[in-house]
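The chain contents come next:
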Amino acid sequence: VGDYWLQKYLSIKNNTLEDESFKQLLNFSSGKLLGRCQKIEPYDLYLDGAHTIESLEKCIDWFANLILSDKENTMNHNNKPKILIFNITGGRNSEEFLKFIANDKNFQQTFTEIIFCSNVTFKTGTFSKENDNKTVSLVDRMCKIYGHQKLWQELSTQYIADGNDALPKSKVFESIEEAIESLDLVNSQVLVTGSLHLVSGVLQVVESLHEKRTKKK
């Protein structure tokens with residue numbers, strides 16, 4: 001079933017699940033695709049991969065509408081930071097994606113910060129099995145995310161020059177683990193989107209952190 005779904009909708013052929021990140025996201029026992037419009041309890045942590053401008057727009061709209069429609073959020077959580085964690089990989093046009101985010105009204109009205117994070121899973125520089133893509137060097141990964149921040153800062157400077165408010169502040173983290181550990185997941189609302197490898201890595205890191213906290217108890 002999983003092979004058929006991937007072939008039909010993601011154009012993965014040969015009846016194999018070759019990409020481990022998709023294996024991580026497909027939950028065969030429940031029939032659900034993890035990392036798609038998913039909330040990770042007990043946190044306000046939301047996941048939805050987006051590889052196109054259209055899917056990114058739907059993802060941001062989904063998160064913004066979810067937050068606005070949440071009565072508890074409206075009453076008690078207005079002061080919670082709203083943070084977007086983003087990365088895009090492959091030959092996709094980073095500038096096109098970042099310009100879209102910057103100009104999206106729901107982004108402007110909802111988010112207070114954007115984090116650019118590589119797909120490196122752990123702060124030791126190692127990867128989960130699902131995300132270990134040996135075709136991309138570590139240097140290239142780092143250049144990508146720091147390039148994202150540079151573009152974002154240039155966009156923000158232009159926004160100010162045009163008489164608009166500055167864009168939300170940005171941060172860079174070289175691993176998913178560092179990005180997640182930097183956040184107060186109880187007192188912030190976080191959307192992770194863009195690369196499916198990023199989404200898969202967040203699932204791995206949150207699971208790992210949960211296991212560590214459980215052992216401490």
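Predicted model only: the values in this text are computed from it and were never measured.

Visitor: Before we go on, may I ask you to explain the overall build of the protein chain in this structure?
Guide: Along its length, the protein chain carries nine helices and eight strands. For the protein chain, with 217 residues in total, the buried portion stands at 48%. Within the protein chain, counting contacts between residues at least 6 apart in sequence, those at least 24 apart form 73% of the total. Surface summary for the protein chain: the accessible area is close to 11,800 Å², and the carbon and sulfur share equals 50%.

Visitor: How should I be thinking about the confidence of the model for the protein chain in this particular structure?
Guide: Detailed conclusions should not be drawn from predicted coordinates in areas where pLDDT is low. Across the protein chain, pLDDT averages 81, with 72% of residues at or above 70. Taken together, the stretch residues 26–31 has pLDDT below 50 and engages in eight contacts with residues farther than four places along the chain or on a different chain.

Visitor: Mind showing me how you'd approach the packing of aromatic side chains here?
Guide: To describe a pair of aromatic rings, you give the distance between the ring centres and the angle between the ring planes. Applying the stated criterion across every chain yields a total of seven aromatic pairs. With centroids separated by 5.3 Å and ring planes inclined at 80°, the aromatic side chains of Tyr 46 and Phe 63 adopt a geometry described as edge-to-face. Residue Tyr 46 is located in strand β4 (residues 45–49), and its partner Phe 63 is located in helix α3 (residues 53–69); the two are separated by 17 residues in the primary sequence. We note that Tyr 46, like Phe 63, is buried. Measuring from centroid to centroid gives 6.4 Å for Phe 86 and Phe 97, while their planes differ by 35°, and the two rings are tilted. On the criterion of sequence distance, the pair formed by Phe 86 in strand β5 (residues 82–87) and Phe 97 in helix α5 (residues 94–103) is long-range, its members being 11 residues apart. Judged by relative accessible area, which is 0%, Phe 86 ranks as buried. Put simply, the rings of Tyr 46, Trp 62, Phe 63, Phe 107, Phe 111, Phe 116 and Trp 152 pair up and form one aromatic cluster.

Visitor: Explanation requested: α5 in the structure shown.
Guide: Residues spaced three or four apart along an α-helix point in a common direction, a consequence of the helix completing one turn every 3.6 residues. Of all the positions in α5, only Ser 94, Phe 97, Leu 98, Phe 100, Ile 101 and Ala 102 are classed as buried. Along its buried surface, α5 packs onto α3, β5, α6 (105–110), β6 (113–117) and α7 (138–161).

Visitor: Hey, could you run me through the sheet that holds β4 in this one?
Guide: Working definition: the strands of a sheet are paired by backbone hydrogen bonds and lie parallel or antiparallel to each other. Sheet architecture is open: six strands sit in the order β3-β4-β8-β5-β6-β7, paired in mixed fashion. For this open sheet the edge positions go to β3 (38–40) and β7 (169–173), each flanked by a neighbour on one side alone. Averaged over all pairs of adjacent strands, the angle between their axes in this sheet comes to 25°, without regard to strand direction. Bridge count between β6 and β7: five bridges; the pairing is parallel.

Conventions used here
Residues numbered from 1 in each chain as written. Predicted model: local features only at pLDDT ≥ 70, side-chain atom pairs only at ≥ 80, totals over all residues. Heavy atoms only, no water. Helix = DSSP H or I, 4+ residues; strand = E, 2+ residues; numbered from the N terminus. Buried < 20%, exposed > 50% of the residue type's maximum accessible area, 1.4 Å probe, protein only. Contact = heavy atoms within 4.5 Å. Areas by Shrake-Rupley, 256 points an atom, 1.4 Å probe, with all protein chains shown as cover. pLDDT = per-residue confidence, 0-100. Phe/Tyr/Trp six-rings, centres within 6.5 Å; stacked < 30°, edge-to-face > 60°. Pairing = 2+ DSSP bridges. Axes fitted to C-alpha atoms, helices over the stretch in contact; angles between N-to-C directions.

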